[in-house]
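# Structure assessment
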Amino acid sequence: MIAPRLRSLLLWIAVAAICVFCLLPFYWLINVSLKTGADLSNADLIPPSPSLDNYSSIFENNDFTSALRNSVIITTVTTALALIFGSFAAYALARLRFKFKFLILAVVLSISTFPPIAIAAPIFKLWTDIGIYNTYTGLIVPYLTFALPLAIYILASFFKEIPKELEEAALVDGATHFQAFRKVVLPLAAPGLVTAGLLTAFFVWNEFLLAVTLTSSPSAYTVPVAVANFTGSTEFEVPLGTISAASVIITIPLVALVIIFQKRIVAGMTAGAVKG
Amino acid sequence: MNVLRLAAILIAVALLAVAGCGDDDDGGGGGGSSDSQAVTESRAQGDVTWCIGKDTTGAFTTVVDNFNKANPDANVELLELPESADDQRRLQIQRLRAESAQCDVLGVDVIWTAEYAAQNWLLDVSEAIERQADAFIPSTLETAKYEDKYWAFPFNTNAGFIYWRTGQDGGPEPESWEQMYQQAGDADGFIYQGARYEGLTVNFLELLYSAGATVVSEDGSEATADSDEVRNVLTFMRNGIDDGDVPKAVTTYMEEESRRSFEANRATYMRNWPYAYALAKDSQIADSFDVTTFPPYEGNPGAGVLGGYNLAISAFSENPEGSLAFIEFAVEPGQQEIQATEASLPAVVSEVYDMPSVQKALPFATDLRDAVEQAQPRPVSPVYPQISEAIYTNVYAALQGDKSPDQAAQDMNADIQDALETF
Amino acid sequence: MEASTARLGRRRSRGGRRYGSGERRLARAMLAPSLIVMALVAAYPIGYAIWLSLNEYSVRVPGLSRFAGFDNYSEAFSSPEFWDAVVVTFMFTAISVGIELAVGLGMALAMHEAFKGRGILRTVVLVPWAVLTVVSAITWRTIFEPNLGLAPQVLSALGLPGADVVWLGETGWSMAVMVLADVWKTAPFIALLLLAGLQVIPNDVYDAAKVDGATTLQRFRSITLPLLAPAILVALIFRTLDALRIFDLPYVLTRGANDTTTLSLLSYQELTTNRLIGYGSALSVLTFAIVMGVSFLYIRLVGGNIRSLVADD
């Protein structure tokens, strides 16, 4: 047995190591974001003359703020739809009985593995013909397609863990399958929903290839596209300062989101404790 | 209807539809290159969309505004593509392959012009060019030419320079490449763009062109890379690293890394584009550096490689005459002056370099025009990307010591020949 | 629980039990939205890409194309660049996913322990993920910039080996940076999945084991790991699928130099840069096939775990 004191110490060392590992490059981003001009060429750990120029120049740029808005909308809608559609499909796969389940699961999984670069151009053409090029819908639909497999898979695993007896009890009490799903299974699978939701949100937020292919005006750009458009003063200059500042700005709401959802995880767990 | 069956039918139908009409997509503007269309008249009216990379300084917007003000019947809109050249090209090609009419005027990198022209994606503007060919610096016109016709107007250009540290930390002005390497070895080294990408092709060709050789024959049908000149250049570059004149780090450098290293006082000599000048003037070495055109190599005058952007008209544009009007406006000396002074974009019109405002904004303007005049285009070919890949992968292997100069030259030749024979 | 599920499954297939039609209708309705969305986006583009791979499109003569059957595929199989890319991709995947799993598990365990500041730790751990993939690649590239970057400076200050190495200019070292950047970005993903899995393990099981005198290590090996297996499997599968298709990192860090050209990067180069539409599409299809092959391999190796996901019980 490890002595409690030692155990605590090891834990704190582990925690410290995790923090350094996760935060050092992010600190570097903040560091670079506070540098301007010549300082960017140096590798000082602390900016010699910190300035908020990069931040102000970002917000002066209307495109960035509208890109932020677009990303938030697209991410939220895609995540919500992925959770809804995904939980339906996962429940059907995990609980209901019908033929070809394995085939469907295999197809669903395989869709998300096709290299996006090969289908970016065909989707562009198709979207242009249908008329949803450069729109929110034009991005939400492909994102849903790529996000659903992971969501379905995670949710199906969580649904499977929940004991059948609880649903059966509900069915005996006269509930339909769907009601059992809504009232019994979903609440218990809260951690799974949160996990699937967070993963979907992060995928959509980060996605660049389809975003840059399927949009062509600042009114529809998402954040990764806007960041790719950040300019130095010429075609060769890589504006590290502004890119870093933008990254810092983007991270803050995401972190806030995580903090909020965090509490949900805990709440979900204590609300519906699962007995083994 | 059973959802599964529905899905299966949808997929089957989609596949059939795709198989049936798959060919139409890549037809481009017509049959062979002889069918290509030309635009000869310019009429400043209607809508024109200009698709070019990010307007980094606002200079593009200024040109657009000026044109719109001067021509109330016309309306030009700027559609900015991402800053990265790779992304610009991919997004342009995607539209061209889909025969989209969204972009009328395209900002085309000099190395893409022949590619697009060969696919009948551009309109022939030879007549319009002939009307004012004298105004342009001749070398810039070479980049817009393919199969004896002109497919674009030069818009801005670019040619490399040697930057060098003056004063105590520095070295003497380079008198030849060989001497510069030696001086670099005694001082803090010479750096350039040696990563495995297009920039390395440029750096390599600058030496090769100086030595008087090329990698592709005049008529574009044969690779000529298995030559003594190529071997000598490769050996020269490799020895530079071996002898310590050039730090090994250059194999990871693109334009920015070399600039940052130079500004941080880590190198005495640097090869880079003119853009680095203004940035270096803003840095800690502002008063201790200078630029010069390429010195001689192997006794021959130094040669540069042309960069820059051309303006072309999409073959699918619905307003070719309006597009031409806008392009002709953008290459007027007055507008070129704005590009030079506001955006430090080297002009393609010769007289612009003599204007006082330009001399002020670009103190080395005369040198710049000289550099552009002496520069040559990279191989003008529809398979340029593959040719470039053949060059930079083999030069990189030689720099790393993975291949001997002999082997690298042979492989380069074979790869280029393969590229020229691509279906 | 698994054993009884399997038994029920067998009984079902032998008996040909009839399903309630209400259940089937509900199943259809619940699956429909997902399937329709996916069919819409995936069917045409994927079908089209496969069609493209069976043809050759001239890069020199406009409008010229010819049916090539499997020529593009045989060209790929006889191309050294293709096999190099396969090796690089698998090596990267094996190393990266292995390390991510270990690091992610460690993070999950630490986050699971009840102590003050757990919430902050969870947030800290998700920071790497909030940074855009492309930005993180650029950041790592500047961190390893020769002489000027953070890494060479720190290494030389600490007197550690590797300070003089041109990391992104050497074979092997470049891969190391790629793995490091990937682990940094995705270990939190794994930590999140594993944490969710840890949280559904009830405490009584541990308490019972403690009463029986099991050590921490024994409890970990016999309780934690097995009960965490489903979550680990999910993490493994999806991380493997992602790692096999990695593109951003090699593109930004090295452009594929020094043996870091992955399958996706190669496909991109041939498809987009060289405009070899047929060949590039074939490479994409091959990448897809390889990825699918690996996932089916997983399914085989871990027995019926995935089947049990959809098995009727």
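## Quick notes on a negative patch on the surface
- Taken together, the side chains of D402(B), D415(B), D418(B), E421(B), E81(C), D84(C) and D259(C) present a region of like negative charge at the surface.
- Among the elements of the structure, α17 (405-420) of chain B together with α4 (80-112) of chain C are those that each provide at least two residues to the negative patch.
- Turning to its location among the elements, D418(B) is positioned in helix α17.

## Brief notes about the pattern of salt bridges
Residue and element names in this part refer to chain B.
- Applying the stated criterion across every chain yields a total of 25 salt bridges over all chains.
- A salt bridge links E321 to R43; the nearest nitrogen and oxygen atoms lie 3.8 Å apart. Note that E321 is positioned in helix α12 (residues 320-330) and R43 in the loop between α1 (3-21) and β1 (46-53), a separation of 278 residues in sequence.
- For E321, a relative accessible area of 26% puts it in the partly exposed group.

## Section: the domain arrangement of chain B
All names here are of chain B.
- When its domains are assigned, chain B resolves into domain 1 (3-158 + 307-376) and domain 2 (161-305 + 383-420).
- Distance between the C-alpha centres of domain 1 and domain 2: 29 Å.
- Across the boundary between the two partners, domain 1 contributes 14 residues, which contact 15 residues of domain 2.
- By the criterion of area lost to domain 2, the three top residues of domain 1 are F364, Q374 and Q376, representing 43% of everything that side buries.
- Linking domain 1 to domain 2 there are zero salt bridges.
- At the boundary of domain 1 with domain 2, the tally comes to two residue pairs in polar contact (both at pLDDT 80 or more).
- Broken down by element, the residue count for the side of domain 1 that touches domain 2 peaks at four residues, all from helix α15 (residues 365-374).

## Things to note about unusual backbone geometry
- The backbone of N134(A) shows a phi angle near 65°, a positive value even though the residue is not glycine.
- Mapped onto the elements, N134(A) comes out in the loop between α5 (116-130) and α6 (136-161).
- The backbone of N258(C) sits at a positive phi, close to 55°, despite the residue not being glycine.
- In this fold, N258(C) is placed in the loop between α11 (248-253) and α12 (263-273).
- By relative accessible area, which is 7% here, N258(C) ends up buried.

## Description of the interface of chain A and chain C
- At the junction of the two partners, chain A supplies 93 residues and chain C supplies 90 residues.
- Regarding the contact of chain A and chain C, the summed buried area is about 8,700 Å², with carbon and sulfur atoms giving 79% of it.
- Run the count over chain A and chain C and you get zero salt bridges.
- Here chain A and chain C share four residue pairs in polar contact (both at pLDDT 80 or more) between them.

How each quantity is defined
Residues numbered from 1 in each chain as written. Chains lettered and ligands numbered in written order. Predicted model: local features only at pLDDT ≥ 70, side-chain atom pairs only at ≥ 80, totals over all residues. Heavy atoms only, no water. Patch = residues over 30% accessible without salt bridge, like charges linked within 9 Å, V, L, I, M, F, W, Y side chains within 5 Å. Areas by Shrake-Rupley, 256 points an atom, 1.4 Å probe, with all protein chains shown as cover. Salt bridge = Lys/Arg side-chain N within 4 Å of Asp/Glu carboxyl O. Lys, Arg positive; Asp, Glu negative; His and termini not counted. Charge placed at Lys NZ, Arg CZ, Asp CG, Glu CD. Helix = DSSP H or I, 4+ residues; strand = E, 2+ residues; numbered from the N terminus. Buried < 20%, exposed > 50% of the residue type's maximum accessible area, 1.4 Å probe, protein only. Domains from an automatic or database assignment. Contact = heavy atoms within 4.5 Å. Buried area = accessible area lost by both parts, 1.4 Å probe. Polar contact = N/O pair within 3.5 Å; in protein donor to acceptor, adjacent residues only side chain to side chain.

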